Amino acid sequence: MKHLNKILLAALTVTTFSCNDDFDHPIEDIQVTAGEADFSKYIALGNSLTSGYRDNALYQSGQENSYPNILAGLMKAAGGGDFKIPYMPNNVGGFTNLPGFPGKLELKIVNGSLSPVATEALVALDNVSSQGPYQNMGVPGAKSYHLIAPNYGDQAGLLTSPATANPYFVRFASNATTSVIEDAVAQKPTFFSLWIGNNDVLGYATSGGVGVDHNETNNLVPSTYGSSDISNVNVVKASINEELKALTAIGAKGVIANIPSVSSVPYFTTVPYAPLSPANPSFGPLIDELNSTYEGLNKVFDALGASDRKISFSKTAASAVVIKDKDLTDLSAQITAALTPQLGLATATLYGMTYGQVRQATKNDLLVLSSSSVIGKVDETRLSNLIAAGLSQEQAAKLSVVGVSYPMVDKYVLTQKETAKAEAAVLKYNAAIAELATAYNIALVDTYSEMQKLSSSTGIKYYGQTYTTTYISGGAFSLDGIHLTGNGYAIVANMFVDAINTKYNSTLRKVYPANYPGIAIP
């Protein structure tokens, strides 16, 4: 079956943006003032979204067009000082000596279709701390509690399991034992921005909900959390409280942003739950055979009172993919027992193990962006196992098509129940962030609401140009579907400007998002 990611991308209309006559430049003279704020020493704290991370990597152009750098430029007119960034050594990103850190994604033409392709990292992890301190202290991958963690910049911590350090902070930490917040406070900022907490839930969502929700376990020890776990809200609140306490204790004023919904970003909204079209020449001709193959299993589901799990494919409309849902009652034993008389124990056991927790996806399930690379393809591990079990190559291949004859595993699907867990955590975090913003008397950016506007059908419009969360053509999100383009970071900078001006009676100007880079089209 064709690579569905290419089919999806080929159907997208890609738009590039540039300044044009639709931009109505204000003609009145507005004096830019700081109001009740002092922008002379501005420091930005956060994670990848603060650093300027885009296209699945941190690289120079992304850093240059980060929202804090845009804000710092606007603050210059109101007494703002220098804003130094720990630039990566190139426009590729990644580290050659660290697994899991490839270069950025780029759109390339592969077999006649546009596809995001990872570039190869060019250099090893470097250290730029001697050229610091730096004012953009966004650390990709950081969770709320990481900003207060000592030794987070200790290179030796990259070798522990699990790692206790972060390579991006290792690059610019003042010393091995310091924390992000300690290095920030040492600079005596007069103004700060803080956007943290996204990763406390995002890892769970991007992994398809394979982690643990510590709001359910009441685990308050973050050192025991896995990378795909949801942090307990009390841990998030206590961490952010400690960060705000340290910053405001030296007299700094600032702004904090809350957390967007996971359903507001294209990583979870691009791949449809029903992508299997009967018009697809690799799928359509197989529909009758597939339905016949599933007929015996569907009868078992009826007999077990689980008719909602029956699997069938339409010849007139797009069909949903087949998924494994770990929250379903496991019917493996019952399926095996029911099918043994007609299929034999070995084959019946295979059916039981494969389909004990399966169903077809619904509109309430979110397929992650990476699922497009496996839907309709033969799972090689499954194929090898079936051949080893005695099936012919042809039989094994037919039973190994991901999302069709072989259910998609959990990491590719965020089910309705898992989405609800992630959304509940986001709402808890946001309530805590709002409470802390009030307690410390700082500005609050409601990115949750603004991103919902961006993800709506009408999007957000700036001077005649509409931006949405539609993958690639929407303009706001980069190729990884999570992080923003230059256009998107400019939109976020404007959100921060609105919040700052409202809270501190400043008159910072906004920027025109189309003046910032979008996705490069080959």
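Our subject in this report is the structure included herewith. Here the structure is a predicted model, which means the values were calculated and not measured.

## Details of the environment of Val-210
Line of reasoning, step 1. Positionally, Val-210 belongs in the loop between α7 (199-206) and α8 (214-217).
Line of reasoning, step 2. When the C-alpha atoms of Val-210 and Glu-380 are compared, they prove to be 22 Å apart, with 170 residues separating the residues in sequence.
Line of reasoning, step 3. Residues within four places of Val-210 in sequence aside, it is in contact with Tyr-204, Ser-228, Asp-410 and Lys-411.

## A few points about the layout of surface pockets
Line of reasoning, step 1. Reported here for the largest pocket is a volume of approximately 1,800 Å³.
Line of reasoning, step 2. What lines the largest pocket is a set of 50 residues, among which Phe-101, Pro-140, Gly-141, Asn-199 and Ser-227 lie closest to the centre.
Line of reasoning, step 3. Listed by contribution, the elements that provide at least two residues to the lining of the largest pocket are α5 (167-172) and α7.
Line of reasoning, step 4. It is α7 that provides the largest number of residues to the lining of the largest pocket, a total of four residues.
Line of reasoning, step 5. By residue class, the composition of the lining of the largest pocket is 28 nonpolar, 20 polar and two charged.
Line of reasoning, step 6. Empty space within the second largest pocket amounts to approximately 420 Å³.
Line of reasoning, step 7. Lining the second largest pocket are 19 residues, with Glu-289, Thr-293, Gln-395, Lys-398 and Leu-399 positioned closest to its centre.
Line of reasoning, step 8. Of all the secondary-structure elements, those providing two or more residues to the lining of the second largest pocket are α10 (287-303), α12 (345-355) and α14 (393-398).
Line of reasoning, step 9. With four residues, the top contributor of residues to the lining of the second largest pocket is α10.
Line of reasoning, step 10. When its residues are assigned to classes, the lining of the second largest pocket shows 11 nonpolar, six polar and two charged.

## Thoughts on the pairing of strand β1 (residues 42-46)
Sheet faces and side chains relate simply in a regular strand, where the side chains alternate between the two faces.
Line of reasoning, step 1. For β1, the tally of buried residues reaches five of five residues, placing the bulk of the element in the interior.
Line of reasoning, step 2. Looking at chain direction, β1 and strand β5 (residues 191-195) are connected through five bridges and run parallel. When the bridges of β5 are listed, Gly-46 appears paired with Trp-195.
Line of reasoning, step 3. One ladder, built from three bridges, connects β1 with strand β4 (residues 136-138); its direction is parallel. Across the sheet, Ala-44 pairs through a bridge with Asn-136, a residue of β4.

## As for the environment of Phe-172
Line of reasoning, step 1. When you line up the elements, Phe-172 lands in helix α5.
Line of reasoning, step 2. The spatial distance from the C-alpha of Phe-172 to the C-alpha of Asp-126 is 9.2 Å, given a sequence separation of 46 residues.
Line of reasoning, step 3. Excluding anything up to four places from it in sequence, Phe-172 contacts Pro-86, Val-128, Ser-129, Tyr-134, Asn-136, Met-137, Val-139 and Asp-183.

## Points about the nonpolar core
Line of reasoning, step 1. Core analysis: the largest hydrophobic core is formed by 145 residues, its most contacted members being Phe-268, Phe-313 and Met-408.
Line of reasoning, step 2. By residue number, the principal contributor to this core is helix α17 (residues 486-504), which donates 11 residues.
Line of reasoning, step 3. Of all hydrophobic cores here, the second largest spans five residues; its members include Leu-383, Leu-391, Ala-396 and Leu-399.

## Considerations on unusual backbone geometry
Line of reasoning, step 1. Residue Pro-133 follows Gly-132 across a cis peptide bond; omega there is 5°.
Line of reasoning, step 2. Residue placement: Pro-133 occurs in the loop between β3 (113-118) and β4.
Line of reasoning, step 3. Note that the residue after Ser-161, namely Pro-162, is joined by a cis bond; omega there is 0°.
Line of reasoning, step 4. For Pro-162, the position within the fold is in the loop between β4 and α5.
Line of reasoning, step 5. Non-glycine residue Lys-188 carries a positive phi angle of around 55°.

## Regarding the side chain of Thr-447
Line of reasoning, step 1. Relative to the elements of secondary structure, Thr-447 occurs in helix α16 (residues 447-454).
Line of reasoning, step 2. Exposure remark for Thr-447: the relative accessible area of 0% places this residue in the buried category.
Line of reasoning, step 3. Contact partners of Thr-447, with chain neighbours within four places excluded, come to Trp-195, Ala-257, Asn-258, Ile-259, Pro-260 and Met-495.

## A closer look at α10
Line of reasoning, step 1. Spanning 17 residues, α10 covers 24 Å between terminal C-alpha atoms, matching the ideal 24 Å at 1.5 Å per step.
Line of reasoning, step 2. Where α10 is concerned, the buried positions are Ile-287, Leu-290, Tyr-294, Leu-297, Asn-298, Val-300 and Phe-301.
Line of reasoning, step 3. On its buried face, α10 sits against β7 (322-324), α11 (332-343), α12 and β8 (358-360).
Line of reasoning, step 4. Positioned one or two residues after α10, Gly-305 has a phi angle of 70°, which is positive.

Each value, and the rule that gives it
- Residues numbered from 1 in each chain as written.
- Predicted model: local features only at pLDDT ≥ 70, side-chain atom pairs only at ≥ 80, totals over all residues.
- Heavy atoms only, no water.
- Helix = DSSP H or I, 4+ residues; strand = E, 2+ residues; numbered from the N terminus.
- Contact = heavy atoms within 4.5 Å.
- 1 Å grid on protein atoms, 1.4 Å probe; cavity = no way out; pocket = protein on both sides within 12 Å on 5 of 7 lines; lining within 4 Å.
- Points joined across faces, edges and corners; volume = space filled by probe spheres on them.
- Nonpolar A, V, L, I, M, F, W, Y, C, P; charged D, E, K, R; others polar.
- Buried < 20%, exposed > 50% of the residue type's maximum accessible area, 1.4 Å probe, protein only.
- Pairing = 2+ DSSP bridges.
- Core = buried A, V, L, I, M, F, W, Y, C linked by side-chain atoms within 4.5 Å.
- Expected span 1.5 Å × (residues − 1).

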